Amino acid sequence: MMGSMAQALLVKIGGSLREAGELLDELAGYPGPLILVHGGGPRIGDWLARMGFETRFHRGLRVTPPEQMELVEMVLTTLGKELAAGLSRRGRPAVALSGRDALMLQARVMDKALGRVGEVERVNVAPLQGVLQAGLTPLVAPIGLDEVGPLNINADTAAGAVAGALGLPAVFLTDVVGVLRDPKDPSSRFPVLSRGEAQALIDQGIIAGGMIPKVEAALNALAQGAPWAAVAQGGPGVLEGLLGGALGTRLVG
Ligand SMILES: Nc1ncnc2c1ncn2[C@@H]1O[C@H](COP(=O)(O)OP(=O)(O)O)[C@@H](O)[C@H]1O
Ligand SMILES: [Mg+2]
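What counts and how
- Think of each chain on its own: its residues are numbered from 1, step by step along the sequence as written.
- As they are written, the chains are lettered A onward and the ligands numbered 1 onward, keeping that order.
- At least 70 in pLDDT is required for a residue's local features to be given in this predicted model, at least 80 for side-chain atom pairs to be given and counted, and no such filter applies to totals for whole chains, interfaces and linings, which use all residues.
- Here is the check we use: build the C-beta atom from the backbone, and if it is within 6 Å of the molecule or strand, call the residue near.
- Under the convention adopted here, Pro, Cys and the residues Ala, Val, Leu, Ile, Met, Phe, Trp and Tyr are nonpolar, Asp, Glu, Lys and Arg are charged, and Gly plus all remaining residues are polar.
- UniProt positions are given in the numbering used here, feature names are shortened, and annotations may be inferred rather than shown by experiment.
- Comment: elements are numbered from the N terminus, with helices defined as DSSP H or I runs of at least four residues and strands as E runs of at least two.
- Put simply, a residue is buried when 20 or more other C-beta atoms lie within 10 Å of its own C-beta and exposed when 12 or fewer do; between those, it is partly exposed, and each C-beta is set from the backbone.
- Whether two residues are in contact depends on their C-beta atoms, placed from the backbone: they are in contact if these lie within 7 Å.

Describing the site of ligand 1
Logical step 1: In the vicinity of ligand 1 there are 19 residues, among which Gly14, Ser16, Thr174, Leu180 and Gly210 approach most closely.
Logical step 2: Of the residues that constitute the shell around ligand 1, the class distribution is eight nonpolar, eight polar and three charged.

Following this line, the structure appears as structure tokens:
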């Protein structure tokens, strides 16, 4: 599977993957082009708490009052720089961008009740292609912008939109081995889920919390032109395992 003609992939790095070292080894060693989108949920949560802010989630999305937006952006941006340095040190030179750079993620407020939470309106892919052509791996922090300013876009939502716009497979790496029937039992993984099955699991509350935007983003990527989309646990061997169909959960149209 993995050879000199290795498939380009859009990989979303979950913010829940706090121990990123092994995952960075895996990504650095991938033989094909990568475009990376990263989250930062737990670290954003830590910093908001430290600054005395309350955090609320709605269907897996962090409610973002305007006064929290600057801190959210600071944390995501710093995390991107750390990941870029980690990849670069491992021999894969990477640059950390955010969706505000070159107006890459043009967005709109998703729902006024959620504050500065964005949904992607348009992806400008030219800067990503330019970075790839320069021999660099782009990392994108999921910050979008509207005419008012920055918007906090769920990293899965951003990753799905970028994968769709580039027509690349969308790989969502997280802290669980895939979509599970019982979130506490890794052996209850669904190898494949159709759109209808995924929707039913959301309605039944089996797919909950942060898995909701992930599955929705995967389905969205497929609808917009991604050839395939999957959720899997970040770690050694995950990309080869996914390409061979042995690991994770594949979402199908
Ligand atoms: N059916 C499910 N299968 C697997 N994980 C689920 C499911 N329902 C909810 N989850 C939760 O979704 C989490 C992954 O989403 P999230 O915490 O947002 O991680 P990430 O940082 O990768 O986006 C899992 O750790 C798990 O707690
Ligand atoms: Mg998440």
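Having put the structure on the table, let's press on.
Here we look at the UniProt feature "site: Transition state stabilizer" (unreviewed entry) in the protein chain
Logical step 1: Under the UniProt annotation, "site: Transition state stabilizer" (unreviewed entry) lies at Lys12 and Lys214. Judged by maximum C-alpha separation, these annotated positions cover 203 residues in sequence but sit close together in space, the widest gap being only 9.7 Å.
Logical step 2: Within the element layout of this structure, Lys12 appears in strand β1 (residues 9-13).
Logical step 3: Overall, Lys12 belongs to the buried group, with 31 C-beta atoms counted inside 10 Å.
Logical step 4: Leaving out residues up to four positions away in the same chain, Lys12 has contacts with Val37, Ala155, Asp156, Ala159, Val171, Phe172 and Leu173.
Logical step 5: By secondary structure assignment, the location of Lys214 is in helix α7 (residues 211-224).
Logical step 6: The contact partners of Lys214, leaving out residues within four places of it in the chain, are Asp156, Phe172, Thr174 and Val231.

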